[in-house]
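Examining the three-dimensional arrangement
Each chain, letter by letter, is given below.
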Amino acid sequence: MSETHEQIDPLGAYVKVFVTLMVLLFATGGAYYLKFDEWFGEKWGFINTMIALIIATVKVALVMLVFMHLRHSTKLTWVIAGAGFIWLCIMITFTFADYLSREAIPDNVKMPQSASSVVAMHEPAHAE
Amino acid sequence: MSEELYDSNILTSGTGAVGDDTGPLARGTNPHPIAVEHDHTHGHHGLVAHHFSDLAQQRESGTLGMWIFLATEVMFIGAIFVAYFTYRVRHEFFAAFRHGSENLLMVIGFVNTLLLLTSSLTVVLAIRAAQLGNKKWVFRHLILTMILGAGFFGFKVVEYRADYNEHLWPAWPNWTKDTPEDAKYFLPEKGPYFTDKSLSVEELNSRLDHARLFYRFYYSLTGLHAFHMLVGLGIFAFLAVQAHRGKYTPESHQQVEICGLYWHFVDIVWIFLFPLLYLVR
């Protein structure tokens, strides 16, 4: 980037990205009709979500890099753009580290379910 | 604007006369401070506000400011996305989310994605036209962007209306077997999941309650997005007026660039919203 003039992208670059975005949009719509849950059983249904999210991420990356001119931007701009993303990742990781691990706790360390055992647990130690 | 600030400094903090060392420009290289007013011929001097050292620094500061704002927006909308996922990963909610999603008008969601992606293209073309000094096309591309954005908004209104008429309004009470036909009730009718005749009342209510949460996410996420669209349309109306006056030149079009960043961000939010709300499987 020169001192006073910013980078001017060729028209073709924008058109190429736009066509790619359109193709990916139709791919998203088409992927909905891949019925992984019906074909291979319900537990494979997550593949649909994964495909949709991966396509969305690619689309967003294209928009950010080319349309939002991130590829010509300074490192400082990259840091700020990355900061939003990284903090979002931290929020997702910590939240799901909790929610997704609740079922994984073995039964013997779980809170007892019946009311009497809950009361027993909260009694002072000398009562034993 | 920058020149006005510059000039008012001269008027308020010094006499500006030659040899007067109290004025802000007295130690500068220009021996005739008042002449700065007519300094348009010397490069980009008039375009740079007095607190920036050059045009590149000014441009980067503006862009960076918008990126910082967008980072806060990511946290704002990201939190709702995370809340959505914490429910969606749970088995009983997922089934209701999936069948609730089937009741939304996927075609409108698809067309709206198409409109928004196209509007992102017209925004960058407006910036490019400004970079090349093509003032007429800056204006035209901004107007095109607004038309596409307004089209999105129009479809959104049609869609909300249709949803409302289809009893997809989570504030209404659940449908039961005794609900009269003309009463206001909440029931996603498409697909047998919520209308299965063999369901007990408790089971039906539980399914509808789970689906209700999906529609709450649907309305809050798309509503928030639609609000951002409205703000964006207002900003672009302002830009179009400025462009019509021929304000955006190859040296000075930062407003288009920065507001374009905002517009692309709204587009990005929708890119994630579309599969997460309309294409749940």
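Right, let's walk through the structure included here. All residue numbers here refer to positions counted from 1 along the written sequence of the relevant chain. The naming scheme follows written order: chains are lettered A onward, ligands numbered 1 onward. Given that this is a predicted model, residues contribute local features only at a pLDDT of at least 70 and side-chain atom pairs are listed and counted only at 80 or more, while totals for whole chains, interfaces and linings are drawn from all residues. Computation of side-chain values covers all heavy atoms of the structure but excludes hydrogens and water.

Topic: the interface of chain B and chain A
You'll often see interface size given as the accessible area lost when the parts meet. Cut-off, in case you're wondering: Contact definition: two residues touch when any of their heavy atoms are within 4.5 Å. Here the quantity called buried area is the accessible surface, traced with a 1.4 Å probe, that two parts lose on coming together, added over both. A pair is scored as a salt bridge if a Lys or Arg side-chain nitrogen falls within 4 Å of a carboxyl oxygen belonging to Asp or Glu. Nitrogen and oxygen atoms within 3.5 Å of one another constitute a polar contact, given that in protein one can donate a hydrogen and the other can accept it, and given that sequence-neighbouring residues count only through two side-chain atoms. Helix numbers and strand numbers start at the N terminus; a helix is a DSSP run of H or I with at least 4 residues, a strand a run of E with at least 2. Classification used: nonpolar for Ala, Val, Leu, Ile, Met, Phe, Trp, Tyr, Cys and Pro, charged for Asp, Glu, Lys and Arg, polar for all others including Gly.
Each partner contributes to the interface: chain B provides 55 residues, whereas chain A provides 53 residues. Together chain B and chain A conceal approximately 4800 Å² of surface at their shared face, both sides included; 74% is due to carbon and sulfur atoms. Taken together, the links from chain B to chain A amount to 2 salt bridges. A salt bridge links Arg 98 of chain B to Glu 38 of chain A, with the nearest nitrogen and oxygen atoms 3.9 Å apart. Inspection of the region where chain B meets chain A yields 8 residue pairs in polar contact (both at pLDDT 80 or more). Listed by contribution, the elements that provide at least two residues to the side of chain B that touches chain A are helix H2 (55-88), helix H3 (91-102), helix H4 (106-131) and helix H7 (254-278) of chain B. The biggest single contributor to the side of chain B that touches chain A is H2 of chain B, with 17 residues. Among the residues forming the side of chain B that touches chain A, the class breakdown is 34 nonpolar, 10 polar and 11 charged.

Some thoughts on the environment of Tyr 14 of chain A
So the rule is basically this: Burial here depends on accessible area, computed with a 1.4 Å probe over protein chains only, as a share of the maximum for the residue type. Under 20% is buried, over 50% is exposed, and the range in between is partly exposed.
Within the secondary structure, Tyr 14 of chain A is located in helix H1 (residues 11-31). Assessed through its relative accessible area of 1%, Tyr 14 of chain A is described here as buried. For the pair formed by Tyr 14 of chain A and Val 63 of chain A, sequence separation is 49 residues and the distance between their alpha carbons is 9.8 Å. Aside from chain neighbours lying at most four places away, what touches Tyr 14 of chain A is Asp 9, Val 66, Phe 67 and His 69 of chain A together with Leu 121, Val 124, Leu 125 and Arg 128 of chain B.

What about the packing of aromatic side chains?
Our working definition: Stacked, edge-to-face and tilted are the three classes for Phe, Tyr and Trp ring pairs, Trp counted by its six-membered ring, which pair at centre distances within 6.5 Å; planes under 30 degrees apart are stacked, over 60 edge-to-face, the rest tilted. We call a charge positioned above a ring when the Lys NZ or Arg CZ atom is no farther than 6 Å from the ring centre and deviates by at most 35 degrees from the ring normal.
According to the stated counting rule, one finds 32 aromatic pairs over all chains in the structure shown. Relative to Tyr 262 of chain B, the ring of Phe 69 of chain B lies with its centre 6.5 Å away and its plane at 25°, an arrangement referred to as stacked. With Phe 69 of chain B in helix H2 and Tyr 262 of chain B in helix H7, this pair connects stretches of sequence that are 193 residues apart. Among the residues examined, Phe 69 of chain B registers a relative accessible area of 37% and is labelled partly exposed. Centroid distance Tyr 84 of chain B to Phe 85 of chain B: 5.4 Å. Interplanar angle 80°. Geometry classified as edge-to-face. According to the relative accessible area criterion, Phe 85 of chain B is buried, its value standing at 19%. The aromatic ring of Tyr 99 of chain A is capped on one face by Arg 102 of chain A, whose charged end is 4.7 Å from the ring centroid. When the ring centre of Tyr 32 of chain A is taken as origin, the NZ or CZ atom of Arg 281 of chain B, which lies over that ring, is 4.6 Å away.

So, the packing of H4 of chain B against helix H5 (residues 135-165) of chain B
When two helices pack together, their arrangement is given by the angle between the helix axes and the distance between those axes. Residues and elements named next belong to chain B. This is how the line gets drawn: Every axis in this analysis is a line fitted to C-alpha atoms, fitted for helices over the stretch in contact. Angles between the N-to-C directions lie between 0 and 180 degrees. Just so you know how the angles are binned, under 35 degrees is roughly parallel, over 145 roughly antiparallel, 65 to 115 roughly perpendicular, and the rest oblique. What makes a crossing left-handed is the near helix being turned counterclockwise from the far one by less than a right angle; a clockwise turn instead makes it right-handed.
It is at 8 Å that the axes of H4 and H5 come closest, and there the two elements cross at 165°. In this view, H4 runs roughly antiparallel relative to H5, as classed from their interaxial angle. Crossing angle aside, the handedness with which H4 passes H5 is left-handed. Taken together, the residues of the contact of H4 with H5 break down into 17 nonpolar, 7 polar and 2 charged.

Some words on the side chain of Glu 73 of chain B
Residue and element names in this part refer to chain B. What counts here: We treat Lys and Arg as the positive residues and Asp and Glu as the negative residues; His and chain ends play no part in the count.
Relative to the assigned elements, Glu 73 resides in helix H2. It is Lys 156 that comes nearest to the buried, bridge-free Glu 73 among opposite-charge side chains, at 17 Å. Aside from chain neighbours lying at most four places away, what touches Glu 73 is Gly 78, His 228, Tyr 262 and Phe 265.

A closer look at the nonpolar core
Side chains of a nonpolar character, in soluble globular proteins, are inclined to be buried together. Test applied: By nonpolar core is meant a set of buried Ala, Val, Leu, Ile, Met, Phe, Trp, Tyr and Cys residues that side-chain atoms within 4.5 Å join together.
Counting residues in each nonpolar core, the largest one holds 90 residues, and the members touching the most others are Phe 67 of chain A together with Tyr 84, Leu 142, Phe 214, Tyr 215, Leu 277 and Tyr 278 of chain B. A total of 17 residues in this core trace back to one element, the largest contributor, which is H7 of chain B. Setting aside residues no more than four positions away along its own chain, Leu 142 of chain B makes contact with Ala 126, Phe 236, Leu 239, Ala 240, Ala 243 and Val 256 of chain B.

Regarding the pattern of salt bridges
Taken as a whole and judged by the stated rule, the model has 7 salt bridges over all chains. Notably, a salt bridge pairs Asp 37 of chain A with Arg 98 of chain B, separated by 2.6 Å at the nearest N-O pair. Note that Asp 37 of chain A is positioned in helix H2 (residues 36-40) and Arg 98 of chain B in helix H3, a pairing that runs across two chains. One exposure class covers both Asp 37 of chain A and Arg 98 of chain B, and it is buried. Here Glu 92 of chain B ties to Arg 90 of chain B by a salt bridge, and the two come within 3.6 Å at their closest N and O atoms. The exposure class of Arg 90 of chain B is partly exposed, given its relative accessible area of 36%. Connected through salt bridges with shared partners, the residues Asp 37 and Glu 38 of chain A together with Arg 98 of chain B form a single ionic network.

Some details on a nonpolar patch on the surface
Residue and element names in this part refer to chain A. Heads up, the rule is: Surface patches are drawn from residues lacking salt bridges whose relative accessible area is over 30%; two like charges belong together within 9 Å, two nonpolar side chains (Val, Leu, Ile, Met, Phe, Trp, Tyr) within 5 Å. Working definition of accessibility: Shrake-Rupley area with a 1.4 Å probe, residue cover restricted to the visible protein chains.
There is a patch of nonpolar side chains on the surface, built from Leu 34, Trp 39, Phe 40, Trp 44, Phe 46, Met 50, Ile 54 and Val 58 and spanning about 800 Å² of accessible area. Those elements that provide at least two residues to the nonpolar patch are H2 and helix H3 (46-67). Top contributing element to the nonpolar patch by residue count: H3, with 4 residues. Along the chain, Val 58 falls in helix H3.

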